[in-house]
Amino acid sequence: MLVTRAAISRAISLALAGTAAASVAAAFAPFGWPFELFSHFRWQLAAAAFGLMLATAVLRQPWQLSVAAATLALHVGSGGLLPRSAAGHLAGDTCNGVTLRVVTANARFTNAEPAALLDWLMRSEADVIALQEVTPAWAAALQPLALKYPYQKVIAREDPYGIALLSRWPAPRMEAVDFAADGYPSLVAEFQVRGRALQVIAMHTHWPVLPSLQAARDRSLQQAAALAATHPGATILLGDLNLTPYAPAFARLVETSGLRDAQDEHVWRPTWQAGFWPLALPIDHVLVPRDACVLQHGTGPDIGSDHRPVQVRLQLP
């Protein structure tokens, strides 16, 4: 059965209507849920609009071409494809402090094969490791790392909100904090590194699929940002934040905390569903002081989770 030109045009019209509607919703992300959900997929929506623009140009459908071009402009013209990080940070040739390597990884609480993650962590040479979705089984699997990372705080849970912080360095303070007052822990650690105070905040916030969950996520981020902003030393905030750099809440986080995205020069670096482009999102982050020098950063390999780990090497000023 041959597909007619009219049938193709109708299919493109339906795809264009859906892409345009989702793109308009993304533009209303500052108004919160549910519009913010669409803002996380700006790159996918922009790519769809570009593809539809080419298709309508081939079919010579002026009105469809105009709608596709306007939809693409919603993303490109607004700067919505760029990370909402702090502009004009102070890093340059001013860094002569301690150099450290930090890692965040979502282990996935249903992952029954820990070998891939453990092997990668052993080879990472990280100084501080933040892990999310740590179950009792994962806590047992992490025990071989104790020789290399003797300073640990592990809160194992059967749900996806277990969390752990592992360190080479002594930590006078390493404690659980319930930022959202909802029973789900984050971890805050205080280090003294070569005479300098360093605070590390490890988090796993809620996936914002419901208004109440987005509100809880935002409370957690607001409280963590305030803690970072008032700390007298340097702060590193890292973890599965369930938030992309394209959303207004990310801009509020970096502005309030005084931190910046360690990977802000890379606009496309998915960490969740990284192997499936339509759903791939960068929601695992490392935020560092604005005046720190990021020497190296990157996303790690497949570790048997639906997330990829993130590793950053930085030097403090």
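Position labels on residues start from 1 in each chain and follow its written sequence. Confidence filtering applies because this is a predicted model: local features only for residues at pLDDT of at least 70, side-chain atom pairs given and counted only at 80 or more, and all residues used for totals across whole chains, interfaces and linings. The basis for every side-chain value is the complete set of heavy atoms in the structure, and neither hydrogens nor water enter the calculation.

Caption draft 1: The sheet that holds strand 4 (residues 163-167), seen in detail. For two strands to pair, DSSP has to find at least two bridges joining them. Helix and strand definitions follow DSSP, with helices as H or I runs of at least four residues and strands as E runs of at least two, each counted in order from the N terminus. Spatially, the six strands line up as an open sheet ordered 3-4-2-1-12-11, and their pairing is mixed. Among the strands making up the open sheet, the edge pair consists of strand 3 (151-155) and strand 11 (293-299). Neighbour-to-neighbour, the strand axes of the sheet open up by a mean angle of 10°, direction not taken into account. Across six bridges, strand 11 lies against strand 12 (residues 310-315) in antiparallel orientation. When the sheet's bridge partners are listed, Val294 is paired in strand 12 with Leu314. Working rule for contacts: check all heavy atoms of both residues, and any pair within 4.5 Å makes them a contact. Axis definition: a line fitted to C-alpha atoms, over the contacting stretch in the case of helices. Angles run 0 to 180 degrees between N-to-C directions. Sheet contacts for helix 5 (residues 115-124): strand 1 (99-106), strand 2 (128-132) and strand 12; angle to strand 1, the most-contacted strand, approximately 170°.

Caption draft 2: Inspection of the layout of surface pockets at higher detail. Within this model, the largest pocket holds a volume of roughly 180 Å³. As for the largest pocket, its lining consists of 13 residues, of which Glu133, Pro160, His204, Asp306 and His307 are closest to the centre. Across the lining of the largest pocket, the residue classes break down as six nonpolar, three polar and four charged. Put plainly, a pocket is an open set of points on a 1 Å grid over the protein atoms alone with protein on both sides within 12 Å along at least five of seven lines, a cavity is a set where a 1.4 Å probe fits but cannot get out, and a lining residue has an atom within 4 Å of a point. Grid points are joined across faces, edges and corners, and a volume is the space filled by probe spheres set on the points. The nonpolar class holds Ala, Val, Leu, Ile, Met, Phe, Trp, Tyr, Cys and Pro. Asp, Glu, Lys and Arg form the charged class, and all remaining residues, Gly among them, are polar.

Caption draft 3: Layout of empty space enclosed by the protein. Evaluated as defined, the whole model comprises one cavity of 30 Å³ or more. Residue lining of the largest cavity: Phe179, Ala180, Asp182, Tyr184, Pro185, Ser186, His204, Thr205, His206 and Ser220, and that is the complete set.

Caption draft 4: Representation of the pairing of strand 8 (residues 234-240) in the model. Across the seven residues of strand 8, seven count as buried, placing the element largely inside the fold. Pairing of strand 7 (residues 196-204) with strand 8, which is carried by seven bridges, proceeds in the parallel orientation. The residue of strand 8 that forms the bridge with Leu198 is Ala234. As judged from the four bridges shared by strand 8 and strand 10 (residues 284-289), these two strands associate in the antiparallel manner. Bridge pairing links Leu237 to Leu287 in strand 10. Note on exposure labels: buried denotes an accessible area under 20% of the residue type's maximum, exposed denotes more than 50%, and partly exposed covers the range between, all computed with a 1.4 Å probe on protein chains only.

Caption draft 5: Representation of the packing of helix 7 (residues 211-230) against helix 8 (residues 248-257) in the model. Orientation of helix 7 relative to helix 8, taken along the N-to-C sense of each, is 20°, at an axis distance of 8 Å. By the criterion of interaxial angle, the relationship of helix 7 to helix 8 is roughly parallel. The hand of the helix 7/helix 8 crossing is right-handed. Within the contact between the two elements, helix 7 uses Arg217, Asp218, Leu221, Ala225, Ala228 and Ala229 and helix 8 uses Ala249, Arg252, Leu253, Thr256 and Ser257. When its residues are assigned to classes, the contact of helix 7 with helix 8 shows six nonpolar, two polar and three charged. Should an angle fall under 35 degrees it is called roughly parallel, over 145 degrees roughly antiparallel, and 65 to 115 degrees roughly perpendicular, with every other angle called oblique. By convention, the crossing between two helices is left-handed when the near helix turns anticlockwise from the far helix through less than a right angle, and right-handed when the turn is clockwise.

Caption draft 6: Seen up close, the packing of helix 1 (residues 5-27) against helix 4 (residues 62-76). Where helix 1 meets helix 4, the axes come as close as 10 Å, and the angle between the chain directions of the two elements is 25°. By the angle between their axes, helix 1 is roughly parallel relative to helix 4. Once helix 1 is placed against helix 4, the crossing between them reads as left-handed. Residue-level inspection shows Ser9, Ile12, Ser13, Leu16, Thr19, Ala20, Ser23 and Val24 of helix 1 in contact with helix 4, the latter providing Trp63, Gln64, Val67, Ala68, Thr71, Leu74 and His75. Considered class by class, the residues forming the contact of helix 1 with helix 4 number eight nonpolar, seven polar and no charged.

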